[in-house]
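Results of the structural survey
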Amino acid sequence: MSPAPDEDNRPSASRNVTLFGISCFAAELCRNGALNEAFCRSQLAEAAAASGLPSREIENVIRSAWKASPSATAQEWLHQESRKQEKGYAVDWSTPEEGSEYEHLGAPPGYMIEDCRIFRVITRGDKDHTTLLSNSDMYVSRILTEIDTHEQFIEITWRNADGHEGCVTVSRSTAADTRKVSSALSRAGIGVTSGRASGVANYIDDYIYEHGGRIPRGKIMQRMGWVDDDLSDGFCVGHQTVGAGDVVFRPRDAGDEQDAESISSAGSLDGWVKGVNPLKKYPRVLCGLYASLLPPLLQPLRAGGFTVEYWGRNETGKSSSLRIAASVWGSPDVRDPASPVMTWQTKRVSVESRMGGLRNIPLFYDDTKQCEKDGFGRDAKPLCVSIAYDLANGRTKGRGTIEGHRAVRTFRTVLISTGEDSLFEMSQDQGVVDRCVSLGGNPWGGHAPDVDVVLNELVSHYGHAGPAFVEYIIKNQDQVTDWRARVAQRSEMIASAIYGRTGQRMHRVASYLACLDLCQELADDCLGLSLLSEPLSAYIYDTVGDEARVRDRSDGATELIMSFMSQHASRTVTSHTDPSGSPTGGWTGETTETG
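Summarised in this report is the structure supplied together with it. (Residues numbered from 1 in each chain as written. Predicted model: local features only at pLDDT ≥ 70, side-chain atom pairs only at ≥ 80, totals over all residues. Heavy atoms only, no water.)

**What about the overall build of the protein?**
Stated precisely, the cut-off is as follows: In DSSP terms, a helix is any run of H or I states spanning at least four residues, a strand is any run of E spanning at least two, and both are numbered starting from the N terminus. Buried residues are those whose accessible area, probed at 1.4 Å on protein chains only, stays under 20% of the maximum for their type, while exposed residues exceed 50% and partly exposed ones sit between those limits. Contacts between residues were defined by any pair of non-hydrogen atoms, one from each residue, lying within 4.5 Å.
In terms of regular secondary structure, the protein is built from 21 helices and 20 strands. Buried positions account for 49% of the 595 residues belonging to the protein. Within the protein, counting contacts between residues at least 6 apart in sequence, those at least 24 apart form 68% of the total.

As structure tokens, this is what we get:
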């Protein structure tokens, strides 16, 4: 195959090169304030049009020159491009590929592109020898940096001869690994084989080296939620960013992609508001709805995550309450593959990955009866109980690697769960009571004809309230300090009320309820809701008190037994007692030392 250039295209390509070089000089002068940008652009376009260049090419070439890095001098670029034009290896980089926002900057030296295929060109004497690298034309359209790890990724735009095209994002390490690059690109539809992987990896590296100063840069993150503590930088909701930030979400794997797809919408916000209006009679159901809205607010409030659990016997409205809460962010139809509602038939690693990936977006898990045990032997506990502790701690479980240990992922979110038994009943673990808002019994208060009415409406209208509330938080971020003060004050009031009923302070749970109260107030203002006449906590703190009294009875029973044994020490067998001398009335019990 001969790489000789098409003689008819040489003059146009030469004019492109000349226009770009002059435009680079003009752009630098404009940046230094020596010339007016609008005047320069118009004069350059007029001169280029007089030379016969099409208007679209003129516009693209001038735009590219203004985007070029000032450190990449026009003279150096002109020399390189002229050398490639003489050999005939350059493509018409000035015209963007159809469907791509970014430009193909041309094959680097030593390569040629013909008929949407990439060839390696090696000159021996007076002859050029070509080797096929890929049956797809591809180029690095953006260089991306992950904001948390600072790892570099590259966005590769490709096009096949049959007209198919697309983009794929891979890490720089993958692009440089001949064992990984072929599979990563071929999965996206790029014509690459393992036998040509080394040449493709070199092509990508040479393309970046040749055009690095002019390849657009961007930021990505491999999780959703707030970009950082500055709320103005935005919030990633699925594949969309709410706010002014320019960071986009790039999933790490198919699971992250599924979670991003679950953040979806249908119908309208007004339709959703109309659909939830009958819930004003059911404050415990509304607890799940407001808890679903709460996670984006936790970070600005500097508050921790927690679990809201609906528990009780079958057919008591637990799952319907969970589905209503899920409608804030996605489809409440559990038969919909894109629904955010999951079951507890899962593994710890999966739940941890989702908590880290969603970060400031809630999780919905149904039926704790399907939970597996987490841990080994006597220390094993139901997975849902372990996750409740992780949520309160705001970080995943630490794990080691061959080289050291894995990075721990952090989050501030709420998990809404259902089950037949409460987390406390499942584990008899007193600490879990302080890490969840426990709602036992029927959240609908008995037979509720409104259940089907609400769900039928929400199946058609969902996924709007969550993003709208995020936008509200961003617009009102100047009030964050006041919000924190109000939560602190409300938390003390609720803690005192719970103490008056149960004798338990329960400051953790009081802070959760205070956050829900603030969320209720802000969400009502944002979404135009008017569902409850009193703060949400006024309707549900008695349920929290009931769970506290269960724990208190357990503690009291233990104390009573210990007191009895102490008062009847002479009738208690210990390790130092001779059991042969039984007292009158017999032994009352035995104490053993542990630890």
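Now, onward.
**Focus: the side chain of Ser136**
Note the following rule: Any pair of nitrogen or oxygen atoms within 3.5 Å is treated as a polar contact; in protein, a donor-acceptor pairing is required on top of that, and neighbouring residues in sequence qualify only through side-chain atoms on both sides.
Here Ser136 is to be found in strand 4 (residues 136-146). Note on Ser136: relative accessible area 1%, which makes it buried. Within the structure, the side chain of Ser136 is placed 2.2 Å from the side chain of Asn160, a separation counted as a polar contact.

**Points about the sheet that holds strand 14 (residues 363-366)**
To be explicit about the condition: At least two DSSP bridges between two strands are required for those strands to pair. The axes used here are C-alpha line fits, helices contributing only the stretch in contact, and every angle between their N-to-C directions lies in the interval 0 to 180 degrees.
Here we have five strands laid out as an open sheet, ordered 13-14-17-12-18, and parallel in their pairing. Looking at which strands have only one partner, the edges of the open sheet turn out to be strand 13 (341-343) and strand 18 (436-440). Taken pair by pair, the neighbouring strands of this sheet meet at an average axis angle of 20°, ignoring direction. Summarising the sheet, strand 13 and strand 14 pair through three bridges and their orientation is parallel. Paired with Val341 across the bridge in strand 14 is Phe364.

**So, the packing of helix 10 (residues 283-293) against helix 12 (residues 318-326)**
The test is simple: Angular relationships are summarised with four words: roughly parallel below 35 degrees, roughly antiparallel beyond 145, roughly perpendicular across 65 to 115, and oblique for the angles in between. Put simply, a crossing is left-handed when the front helix is turned counterclockwise from the back one by less than a right angle, and right-handed when it is turned clockwise.
It is at 8 Å that the axes of helix 10 and helix 12 come closest, and there the two elements cross at 30°. Between helix 10 and helix 12, the angle is such that the two are roughly parallel. Crossing of helix 10 over helix 12 shows right-handed handedness. In contact with Val285, Gly288, Leu289 and Ser292 of helix 10, helix 12 contributes Ser321, Ile324 and Ala325.

**What about the packing of aromatic side chains?**
As a reminder of what qualifies: Ring pairs are drawn from Phe, Tyr and Trp, using the six-membered ring of Trp, whenever the two centres fall within 6.5 Å, and their geometry is named by plane angle: stacked under 30 degrees, edge-to-face over 60, tilted for the rest. A positively charged side chain is recorded as over a ring if its NZ (Lys) or CZ (Arg) lies within 6 Å of the ring centre. The angle to the ring normal must also be within 35 degrees.
Applying the stated criterion across every chain yields a total of seven aromatic pairs. Between the aromatic rings of Phe306 and Tyr512, the centroid separation amounts to 4.3 Å while the plane-to-plane angle is 15°, which identifies the pairing as stacked. Of this pair, Phe306 sits in strand 12 (residues 306-311) while Tyr512 sits in helix 20 (residues 507-527), placing them 206 residues apart in sequence. In this pair, the class of Phe306 matches that of Tyr512, namely buried. Members of the aromatic cluster, connected to one another through ring pairs, are Tyr111, Tyr203 and Tyr207. The ring of Tyr111 has Arg120 sitting right over it, with the charged end atom 4.7 Å from the ring centre.

**A few points about the environment of Gly440**
Relative to the helices and strands, Gly440 is located in strand 18. Since its relative accessible area comes to 17%, Gly440 is described here as buried. Considering only alpha carbons, one finds Gly440 and Ser422, 18 residues apart in sequence, at a separation of 7.4 Å. Each residue touching Gly440, except ones within four places of it in the same chain, is listed here: Arg284, Trp311 and Thr543.

**Examining the environment of Glu37**
Here Glu37 shows up in helix 2 (residues 37-50). Assessed through its relative accessible area of 37%, Glu37 is described here as partly exposed. When residues no more than four places from it in sequence are discounted, the contact partners of Glu37 are Cys30 and Trp66.

**A word on the sheet that holds strand 9 (residues 235-237)**
Within the open sheet, the three strands sit side by side as 8-9-10. Their pairing is antiparallel. Edge positions in the sheet fall to strand 8 (225-226) and strand 10 (240-242), since each of these pairs with one other strand and no more. Sheet topology places strand 8 next to strand 9; two bridges connect them, and they run antiparallel. In the strand pairing of strand 9, Gly225 is matched with Cys236. Together, strand 8, strand 9 and strand 10 form the strand contacts of helix 18 (residues 465-475), whose direction differs from that of strand 10 by roughly 35°.

Don't take any of this as a statement about function, it's just geometry.
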